[in-house]
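Structural overview
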Amino acid sequence: MAILETIVIAFWAMLPAYVPNNAAVLAGGGRPIDGGRTWGDKRVLGDGKTWRGTAAGITAGLALAGLLSVVAADVSAATGIDVPEFTPLAALGLAAGAMLGDILASFLKRRSGRQRGAMFPGLDQLDFVVVSLPLTALLASEWFFDVFTWEVIAVVVIVTPILHVTTNIIAYKLGLKNEPW
Ligand code: CTP
Ligand code: K
Ligand code: MG
(Lines give C-alpha, C1' and ligand atoms only; values in the text may rest on other atoms or scores of the structure.)
(Ligands and ions follow the chains in the order given, each with its own letter.)
Protein backbone atom coordinates (compact mmCIF):
# COMPACT_ATOMS: atom_id res chain seq x y z
CA MET A 1 0.00 0.00 0.00
CA ALA A 2 1.31 3.43 -0.88
CA ILE A 3 2.12 5.65 2.09
CA LEU A 4 -0.42 8.34 1.16
CA GLU A 5 -3.13 5.71 0.91
CA THR A 6 -2.17 4.34 4.32
CA ILE A 7 -2.29 7.81 5.89
CA VAL A 8 -5.72 8.56 4.40
CA ILE A 9 -7.15 5.23 5.58
CA ALA A 10 -5.64 5.64 9.06
CA PHE A 11 -7.07 9.14 9.45
CA TRP A 12 -10.48 8.10 8.10
CA ALA A 13 -10.68 5.00 10.30
CA MET A 14 -9.65 6.98 13.38
CA LEU A 15 -12.00 9.94 12.89
CA PRO A 16 -14.77 8.39 15.07
CA ALA A 17 -12.12 8.12 17.83
CA TYR A 18 -10.64 11.59 17.27
CA VAL A 19 -13.85 13.60 17.36
CA PRO A 20 -15.21 12.52 20.80
CA ASN A 21 -12.47 14.40 22.69
CA ASN A 22 -13.19 17.62 20.83
CA ALA A 23 -16.96 17.22 21.21
CA ALA A 24 -16.48 16.63 24.96
CA VAL A 25 -14.53 19.87 25.26
CA LEU A 26 -17.30 21.78 23.47
CA ALA A 27 -20.18 20.13 25.37
CA GLY A 28 -18.51 19.48 28.72
CA GLY A 29 -19.80 20.71 32.04
CA GLY A 30 -22.32 19.69 34.63
CA ARG A 31 -22.14 16.70 36.90
CA PRO A 32 -18.73 15.01 37.10
CA ILE A 33 -18.73 11.24 36.54
CA ASP A 34 -17.10 10.62 39.92
CA GLY A 35 -19.79 12.71 41.61
CA GLY A 36 -17.07 14.61 43.45
CA ARG A 37 -15.85 11.46 45.20
CA THR A 38 -12.30 11.11 46.40
CA TRP A 39 -10.03 8.11 46.91
CA GLY A 40 -7.61 8.88 49.67
CA ASP A 41 -7.09 12.62 49.54
CA LYS A 42 -7.46 12.81 45.78
CA ARG A 43 -10.42 12.92 43.41
CA VAL A 44 -11.21 9.68 41.57
CA LEU A 45 -11.49 11.40 38.15
CA GLY A 46 -11.97 15.12 38.74
CA ASP A 47 -14.30 17.82 37.42
CA GLY A 48 -12.91 17.54 33.88
CA LYS A 49 -14.73 14.23 33.20
CA THR A 50 -18.47 14.90 33.03
CA TRP A 51 -21.50 12.83 32.01
CA ARG A 52 -22.54 15.44 29.47
CA GLY A 53 -19.11 15.66 27.87
CA THR A 54 -18.80 11.88 27.68
CA ALA A 55 -22.28 11.39 26.21
CA ALA A 56 -21.70 14.16 23.67
CA GLY A 57 -18.33 12.68 22.74
CA ILE A 58 -19.68 9.19 22.12
CA THR A 59 -22.69 10.56 20.22
CA ALA A 60 -20.45 12.70 18.01
CA GLY A 61 -18.19 9.73 17.25
CA LEU A 62 -21.14 7.50 16.35
CA ALA A 63 -22.75 10.19 14.20
CA LEU A 64 -19.51 10.81 12.33
CA ALA A 65 -19.01 7.07 11.74
CA GLY A 66 -22.54 6.94 10.29
CA LEU A 67 -21.87 9.91 8.03
CA LEU A 68 -18.52 8.53 6.81
CA SER A 69 -20.17 5.17 6.09
CA VAL A 70 -22.78 6.85 3.91
CA VAL A 71 -20.15 8.62 1.79
CA ALA A 72 -17.42 5.91 1.87
CA ALA A 73 -18.31 4.32 -1.46
CA ASP A 74 -18.39 7.69 -3.24
CA VAL A 75 -15.11 8.79 -1.66
CA SER A 76 -13.48 5.49 -2.65
CA ALA A 77 -14.72 5.84 -6.23
CA ALA A 78 -13.58 9.46 -6.49
CA THR A 79 -10.12 9.01 -4.93
CA GLY A 80 -9.25 5.42 -5.74
CA ILE A 81 -8.45 4.95 -2.06
CA ASP A 82 -10.53 2.23 -0.49
CA VAL A 83 -11.82 4.00 2.66
CA PRO A 84 -13.92 1.74 4.90
CA GLU A 85 -17.52 1.91 6.07
CA PHE A 86 -18.00 1.44 9.81
CA THR A 87 -20.10 -1.32 11.31
CA PRO A 88 -22.17 -0.18 14.33
CA LEU A 89 -19.90 -2.14 16.70
CA ALA A 90 -16.76 -0.73 15.12
CA ALA A 91 -18.16 2.78 15.55
CA LEU A 92 -19.03 2.05 19.17
CA GLY A 93 -15.59 0.61 19.92
CA LEU A 94 -13.83 3.64 18.45
CA ALA A 95 -16.06 6.32 20.00
CA ALA A 96 -16.67 4.77 23.42
CA GLY A 97 -13.08 3.50 23.59
CA ALA A 98 -11.77 7.01 23.01
CA MET A 99 -13.83 8.40 25.89
CA LEU A 100 -12.94 5.47 28.13
CA GLY A 101 -9.24 5.96 27.41
CA ASP A 102 -9.50 9.63 28.31
CA ILE A 103 -11.32 8.75 31.55
CA LEU A 104 -8.73 6.11 32.51
CA ALA A 105 -5.99 8.65 31.83
CA SER A 106 -7.64 11.09 34.25
CA PHE A 107 -7.79 8.32 36.83
CA LEU A 108 -4.03 7.77 36.41
CA LYS A 109 -3.39 11.52 36.55
CA ARG A 110 -5.25 11.86 39.86
CA ARG A 111 -3.53 8.80 41.34
CA SER A 112 -0.16 10.30 40.42
CA GLY A 113 -1.08 13.57 42.14
CA ARG A 114 -1.73 15.65 39.03
CA GLN A 115 -4.48 18.25 39.32
CA ARG A 116 -7.24 18.61 36.75
CA GLY A 117 -5.79 20.02 33.56
CA ALA A 118 -2.21 19.05 34.41
CA MET A 119 -0.12 17.78 31.53
CA PHE A 120 0.91 14.14 31.26
CA PRO A 121 3.04 13.90 28.10
CA GLY A 122 2.51 10.72 26.15
CA LEU A 123 -0.62 9.70 27.99
CA ASP A 124 -2.47 12.88 26.92
CA GLN A 125 -1.75 12.20 23.26
CA LEU A 126 -2.29 8.46 23.07
CA ASP A 127 -4.74 7.55 25.87
CA PHE A 128 -7.70 7.22 23.51
CA VAL A 129 -5.74 5.16 20.96
CA VAL A 130 -4.59 2.71 23.61
CA VAL A 131 -8.18 1.90 24.61
CA SER A 132 -10.18 2.49 21.41
CA LEU A 133 -8.12 0.12 19.23
CA PRO A 134 -8.21 -2.92 21.56
CA LEU A 135 -11.90 -2.32 22.34
CA THR A 136 -12.71 -2.18 18.62
CA ALA A 137 -10.63 -5.32 18.02
CA LEU A 138 -12.73 -6.99 20.70
CA LEU A 139 -16.17 -5.73 19.59
CA ALA A 140 -15.66 -5.87 15.83
CA SER A 141 -12.71 -8.22 15.24
CA GLU A 142 -13.26 -8.92 11.58
CA TRP A 143 -13.74 -5.26 10.70
CA PHE A 144 -10.77 -4.22 12.83
CA PHE A 145 -8.20 -6.62 11.39
CA ASP A 146 -9.43 -5.85 7.89
CA VAL A 147 -8.89 -2.09 8.28
CA PHE A 148 -6.13 -1.79 10.87
CA THR A 149 -3.19 -3.46 9.18
CA TRP A 150 0.20 -3.04 10.89
CA GLU A 151 0.99 -0.20 8.51
CA VAL A 152 -2.24 1.62 9.45
CA ILE A 153 -1.58 1.10 13.16
CA ALA A 154 1.97 2.45 12.77
CA VAL A 155 0.65 5.57 11.01
CA VAL A 156 -1.98 6.04 13.75
CA VAL A 157 0.64 5.88 16.51
CA ILE A 158 2.88 8.41 14.73
CA VAL A 159 0.24 10.81 13.36
CA THR A 160 -2.16 10.90 16.34
CA PRO A 161 0.14 12.78 18.75
CA ILE A 162 0.87 15.36 16.04
CA LEU A 163 -2.85 15.88 15.35
CA HIS A 164 -3.65 15.94 19.06
CA VAL A 165 -1.08 18.63 19.84
CA THR A 166 -2.17 20.71 16.84
CA THR A 167 -5.93 20.58 17.52
CA ASN A 168 -5.44 21.34 21.22
CA ILE A 169 -3.30 24.40 20.47
CA ILE A 170 -6.01 25.61 18.06
CA ALA A 171 -8.77 24.94 20.64
CA TYR A 172 -6.72 26.82 23.26
CA LYS A 173 -6.17 29.82 20.98
CA LEU A 174 -9.89 29.87 20.18
CA GLY A 175 -10.62 30.00 23.90
CA LEU A 176 -12.37 26.61 23.90
CA LYS A 177 -9.83 24.85 26.09
CA ASN A 178 -8.11 26.00 29.30
CA GLU A 179 -4.71 24.51 28.46
CA PRO A 180 -2.90 24.09 25.14
CA TRP A 181 -2.49 20.28 25.68
N1 CTP B 1 -14.71 17.04 29.15
C2 CTP B 1 -15.87 16.52 29.72
N3 CTP B 1 -16.06 15.16 29.80
C4 CTP B 1 -15.12 14.31 29.33
C5 CTP B 1 -13.93 14.81 28.76
C6 CTP B 1 -13.75 16.19 28.68
O7 CTP B 1 -16.74 17.27 30.15
N8 CTP B 1 -15.34 12.98 29.40
C9 CTP B 1 -14.55 18.51 29.05
C10 CTP B 1 -14.24 19.14 30.42
O11 CTP B 1 -14.84 20.41 30.45
C12 CTP B 1 -12.72 19.23 30.41
C13 CTP B 1 -12.44 19.59 28.97
O14 CTP B 1 -13.43 18.86 28.23
O15 CTP B 1 -12.22 20.18 31.33
C16 CTP B 1 -11.03 19.24 28.51
O17 CTP B 1 -10.84 17.84 28.50
P18 CTP B 1 -9.54 17.17 29.10
O19 CTP B 1 -8.34 17.93 28.69
O20 CTP B 1 -9.61 15.74 28.78
O21 CTP B 1 -9.79 17.33 30.68
P22 CTP B 1 -9.01 18.15 31.80
O23 CTP B 1 -9.85 19.30 32.22
O24 CTP B 1 -7.63 18.43 31.33
O25 CTP B 1 -8.97 17.13 33.02
P26 CTP B 1 -7.94 15.93 33.27
O27 CTP B 1 -6.77 16.52 33.98
O28 CTP B 1 -8.72 15.00 34.11
O29 CTP B 1 -7.59 15.34 31.94
K1 K C 1 -7.29 14.23 28.02
MG1 MG D 1 -6.52 18.29 29.66
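As a starting point, this report considers the structure included with it. Since this is a predicted model, take the numbers as computed values, not measurements.

Digging into the overall build of the protein chain
A tally of helices and strands in the protein chain yields 6 helices and 2 strands. The C-alpha atoms of the protein chain give 17 Å as radius of gyration, which agrees with the globular expectation for 181 residues (16 Å, within 12%). Reported as C-alpha extents along the three principal axes, the dimensions of the protein chain are approximately 55 × 30 × 25 Å. For the protein chain, with 181 residues in total, the buried portion stands at 41%. Positive and negative side-chain charges in the protein chain, numbering 13 and 14 respectively, have mean positions lying 19 Å apart.

Examining the site of ligand 1
If you check the shell around ligand 1, you find 19 residues, and the closest are Lys49, Thr50, Ser106, Arg110 and Arg116. Note that an oxygen atom of ligand 1 is positioned 2.5 Å from one of the side-chain N or O atoms of Thr50. Within the complex, the protein chains bury 90% of what would otherwise be the 560 Å² of accessible surface of ligand 1. Those elements that place two or more of their residues in the shell around ligand 1 are helix 1 (3-27), helix 2 (51-79) and helix 3 (88-111). Counting residues per element, the shell around ligand 1 draws most heavily on helix 3, which supplies 4 residues. Partitioning the shell around ligand 1 into residue classes produces 3 nonpolar, 9 polar and 7 charged.

About the cut-offs
- Residues numbered from 1 in each chain as written.
- Chains lettered and ligands numbered in written order.
- Predicted model: local features only at pLDDT ≥ 70, side-chain atom pairs only at ≥ 80, totals over all residues.
- Heavy atoms only, no water.
- Helix = DSSP H or I, 4+ residues; strand = E, 2+ residues; numbered from the N terminus.
- Rg over C-alpha atoms; globule rule 2.2 N^0.38 Å.
- Buried < 20%, exposed > 50% of the residue type's maximum accessible area, 1.4 Å probe, protein only.
- Lys, Arg positive; Asp, Glu negative; His and termini not counted.
- Charge placed at Lys NZ, Arg CZ, Asp CG, Glu CD.
- Near = heavy atom within 4 Å.
- Polar contact = N/O pair within 3.5 Å; in protein donor to acceptor, adjacent residues only side chain to side chain.
- Areas by Shrake-Rupley, 256 points an atom, 1.4 Å probe, with all protein chains shown as cover.
- Nonpolar A, V, L, I, M, F, W, Y, C, P; charged D, E, K, R; others polar.

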